[in-house]
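Structure at a glance
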Amino acid sequence: MSVGQSAHSAMGTPDDPSASFVESGPPRLPLDVDGTGASDARVAPAQTLGARPRQLPIAPRAEPSRRHLPLAEATRPVDLRWQPIYAVWETTLRCDLACRHCGSRAGRSRPDELTTAEALDLVAQMADLGVREVTVIGGEAYLREDWTEIIRAIRARGMTCTMTTGGRGLDEARVAAAKEAGLQSVSVSVDGLEATHDMLRGVSGSYRSAMDAIANLRAARIPVACNTQIGRQSLHEIEALFDRLVAAGIHSWQIQLTVAMGRAADEPALLLEPWQVLEVMPMVARCHEKAQAAKVRIWPGNNIGYFGPYESLLRGGLPRGHMASCGAGRSTLGIEANGDLKGCPSLPTADYVAGNIRDASLRDIWERGAAMRFTRDRTVEDLWGYCRDCYYADTCRAGCSWTSHVLFGRPGNNPFCHHRALELLREGKRERLVKVAPASGAPFDHGLFEIVVEGWPADEMARAQAVAESGQGFITSPDHPPPLGPGQGTQMGA
């Protein structure tokens, strides 16, 4: 998820000088040509990506909304059992960053985004359906002119309103406007230490802007959290980054793995290998110990896990005390800026839009849209590969549908699993991913990957076993990341 105009002029520019996709605003400073965002005297990131693939536009024009999709004739008892407690609303696809891992390829507004009147009507329908919290995102939510009017309406209907932002233009004036409208908490995206963050976000100075946004929010007494993606470039910086975020005064920290959707599908070098959850999970547990001392809540995203030795530590506060299956279309609702509705905001548009708010009511789409029902109807029989016969199959049901679908074109088999990686390690095996088909270049698109099961190199296996037993250290190092397989460089299929 990646955030008006007064703050843009000194913040750099997307790393493609020809990609003038931000539709208004004053001139901005050019970035160095290699796209690393490291043109000043900062320490360079441990792993640089070089120039991003150029065969696809950085910020493509989105297709029009998906209209007049059929709904089931009747609502079933199982459809009435579930209620969208939490909604994530992409209020605009317009963005002032150019993140290399952006799943929605944000930049330009959608051609048919909801009007103010339509947005306010949707707010009323969410309240009537029982939504308790709405998180506004983008693109960047504050680039929509009526963003505070939407926040104000959400609060007037008794729902909690929060926001996720890259923070590039979240200056004092915008923060004051958000405060006045009733915004209750903001999560600022910070994905690494300064040079790595700027490289990933595609704009020089974006790290400093994010940290300034945190300071502005705290000065206005708006509670502030952070969210961080864990990928190949940032893995070894995460603990140091967490220390900086705690010092900045955050109350919570959400983490998730970088997922192969959108721009991230163009660059496999951004992605961890599945076996690297063996080093991710102990690292998150080490951060959790610091978080408890600092009274900061760590919130693992739905694609972090599952069912390894740290499950109770990291998810003990959930109702079941551990991870459950995907909540898309059961407790969560995703809204695209043009009124397309999905069970989860991250799911690919082409496969998971259940209907459009301009064609039917929110209630009717929630209860009778075919793409809203897929987790309500999922059973173990829908799983495949390793997940089908796993001990936790009926509880987990392959975890995050988004992660698996964008890898394989269908959900039901998720290799980014701690339990799975540990079981394979005991057999002397591990899994890695190989990209076999490119993404199309549209917002919320994905390519295709295949799983390769292979034996561990002897030295790496010894390190993996030591990390698994001790919970300390890493298998890889910043200077020696996992090698990409044949054809898996940033240019493949891009």
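All figures in this text were calculated on a predicted structure; none of them were measured in a lab. (Residues numbered from 1 in each chain as written. Predicted model: local features only at pLDDT ≥ 70, side-chain atom pairs only at ≥ 80, totals over all residues. Heavy atoms only, no water.)

Notes on the overall build of the protein chain
- Within the protein chain, the regular secondary structure consists of 17 helices and 12 strands.
- When the accessible surface of the protein chain is summed, it comes to about 18,600 Å², and 52% of that surface belongs to carbon and sulfur atoms. (Helix = DSSP H or I, 4+ residues; strand = E, 2+ residues; numbered from the N terminus. Areas by Shrake-Rupley, 256 points an atom, 1.4 Å probe, with all protein chains shown as cover.)

Observations concerning the pattern of salt bridges
- Taken as a whole and assessed by the stated rule, the structure comprises 33 salt bridges.
- A salt bridge links lysine 342 to glutamate 336; its shortest N-O distance comes to 2.8 Å. A single burial state applies to lysine 342 and to glutamate 336, both of which are buried.
- Here arginine 426 ties to glutamate 423 by a salt bridge, and the two come within 2.4 Å at their closest N and O atoms. Taken together, the positions of arginine 426 and glutamate 423, both in helix H16 (residues 418-426) and three residues apart, correspond to about one turn of that helix.
- In this structure arginine 426 comes out as exposed when scored by relative accessible area, which is 61%.
- Residue glutamate 423 is classed as partly exposed on the basis of its relative accessible area of 27%.
- Taken together, the shared-partner salt bridges connect Arg76, Asp79, Arg373, Arg376 and Asp377 into one network. (Salt bridge = Lys/Arg side-chain N within 4 Å of Asp/Glu carboxyl O. Buried < 20%, exposed > 50% of the residue type's maximum accessible area, 1.4 Å probe, protein only.)

Description of the packing of helix H2 (residues 116-129) against helix H3 (residues 147-156)
- Relative orientation of the contacting elements H2 and H3 amounts to 20 degrees, with a least axis distance of 9 Å. What the angle tells us is that H2 and H3 run roughly parallel. Crossing angle aside, the handedness with which H2 passes H3 is right-handed. In this structure, H2 contributes Thr116, Ala119, Leu120 and Val123 to the contact, and H3 contributes Glu149, Ile150, Ala153 and Ile154. (Axes fitted to C-alpha atoms, helices over the stretch in contact; angles between N-to-C directions. Parallel < 35°, antiparallel > 145°, perpendicular 65-115°, else oblique. Left-handed = near helix turned anticlockwise from the far one by under 90°. Contact = heavy atoms within 4.5 Å.)

Overview of H16
- The element H16 is extensively covered by neighbouring structure, given that seven of its nine residues are classed as buried.
- Among the residues of H16, those classed as buried are His418, His419, Arg420, Ala421, Leu422, Leu424 and Leu425.
- Close packing links the buried residues of H16 with helix H9 (277-294), strand S11 (429-437), strand S12 (448-455) and helix H17 (458-470).
- After H16 finishes, the residue glycine 428 shows a positive phi value of roughly 75 degrees.

Digging into the sheet that holds strand S7 (residues 297-300)
- In spatial order, the strands read S7-S6-S5-S4-S3-S2-S1-S8-S9-S10; together these 10 strands make up an open sheet with mixed pairing. Looking at which strands have only one partner, the edges of the open sheet turn out to be S7 and strand S10 (355-356).
- Where strand S6 (residues 252-257) lies against S7, four bridges are found, and the strand directions are parallel. Bridging from a neighbouring strand, tryptophan 253 pairs with isoleucine 298 of S7.
- Packing against the sheet, H2 makes contact with strand S1 (86-90), strand S2 (133-137) and strand S8 (332-335), and its axis sits at approximately 170 degrees to S1. (Pairing = 2+ DSSP bridges.)

Some thoughts on the packing of aromatic side chains
- Considering all chains together, one arrives at seven aromatic pairs under this definition.
- Note on tyrosine 142 and tryptophan 147: the rings are 6.3 Å apart at their centroids and 65 degrees apart in plane angle, and the pair reads as edge-to-face.
- Classification of tyrosine 142 by relative accessible area gives buried; the value is 3%.
- According to the relative accessible area criterion, tryptophan 147 is buried, its value standing at 9%.
- Ring centres of tyrosine 352 and phenylalanine 374 lie 5.0 Å apart, and the angle between their planes is 55 degrees; this geometry places the pair in the tilted category. With tyrosine 352 in helix H11 (residues 349-352) and phenylalanine 374 in helix H13 (residues 374-377), this pair connects stretches of sequence that are 22 residues apart.
- Its relative accessible area of 6% is what places tyrosine 352 among the buried residues.
- Through a chain of ring-to-ring contacts, the aromatic side chains of Phe307, Tyr391 and Tyr392 assemble into a single cluster.
- The aromatic ring of tryptophan 366 is capped on one face by arginine 376, whose charged end is 4.8 Å from the ring centroid. (Phe/Tyr/Trp six-rings, centres within 6.5 Å; stacked < 30°, edge-to-face > 60°. Lys NZ or Arg CZ within 6 Å of the ring centre and 35° of its normal.)

A few points about the environment of aspartate 112
- Along the polypeptide, aspartate 112 turns up in the loop between S1 and H2.
- A relative accessible area of 18% means that aspartate 112 is categorised as buried.
- For aspartate 112 and serine 65, which are 47 residues apart along the polypeptide, the C-alpha to C-alpha distance reads 7.1 Å.
- Setting aside anything within four residues of it in sequence, one finds aspartate 112 in contact with Pro64, Ser65, Asn338 and Arg358.
- A polar atom in the side chain of aspartate 112 sits 2.8 Å from the backbone nitrogen of serine 65. (Polar contact = N/O pair within 3.5 Å; in protein donor to acceptor, adjacent residues only side chain to side chain.)

A short note on the environment of aspartate 340
- Within the secondary structure, aspartate 340 sits in strand S9 (residues 340-342).
- For aspartate 340, a relative accessible area of 1% gives the class buried.
- Residues aspartate 340 and glutamate 113, 227 residues apart in the sequence, show an inter-C-alpha distance of 9.7 Å.
- In contact with aspartate 340, not counting residues within four places along its chain, are Ser65, Arg66, Gly334, Ile335, Val353, Gly355 and Asn356.
- A distance of 3.2 Å separates the side chain of aspartate 340 from the backbone nitrogen of arginine 66, its partner in a polar contact.

Let's talk about the nonpolar core
- With 97 residues, the main nonpolar core has Trp89, Met126 and Trp253 as its most contacted residues.
- Element by element, the count of residues in this core is highest for H9, at nine residues.
- Setting aside anything within four residues of it in sequence, one finds tryptophan 89 in contact with Leu114, Ala119, Leu122, Val123, Met126, Val134, Thr135, Val136, Ile137, Ile150, Ile154 and Ile335.
- Phe307, Cys326, Leu347 and Cys396 belong to the second largest nonpolar core, which has 17 residues in total. (Core = buried A, V, L, I, M, F, W, Y, C linked by side-chain atoms within 4.5 Å.)

Here's the deal with the packing of helix H7 (residues 238-248) against H9
- Running from N to C, H7 and H9 cross one another at 15 degrees; their axes reach a closest spacing of 10 Å. As judged from the angle between their axes, H7 and H9 are roughly parallel. The interaxial crossing formed by H7 with H9 has right-handed handedness. Where H7 abuts H9, its residues Ile238, Glu239, Phe242, Asp243 and Val246 lie against Met283, Arg286, Cys287, Lys290, Ala291 and Ala294.
- Residues that form the contact of H7 with H9 fall into these classes: seven nonpolar, no polar and four charged. (Nonpolar A, V, L, I, M, F, W, Y, C, P; charged D, E, K, R; others polar.)

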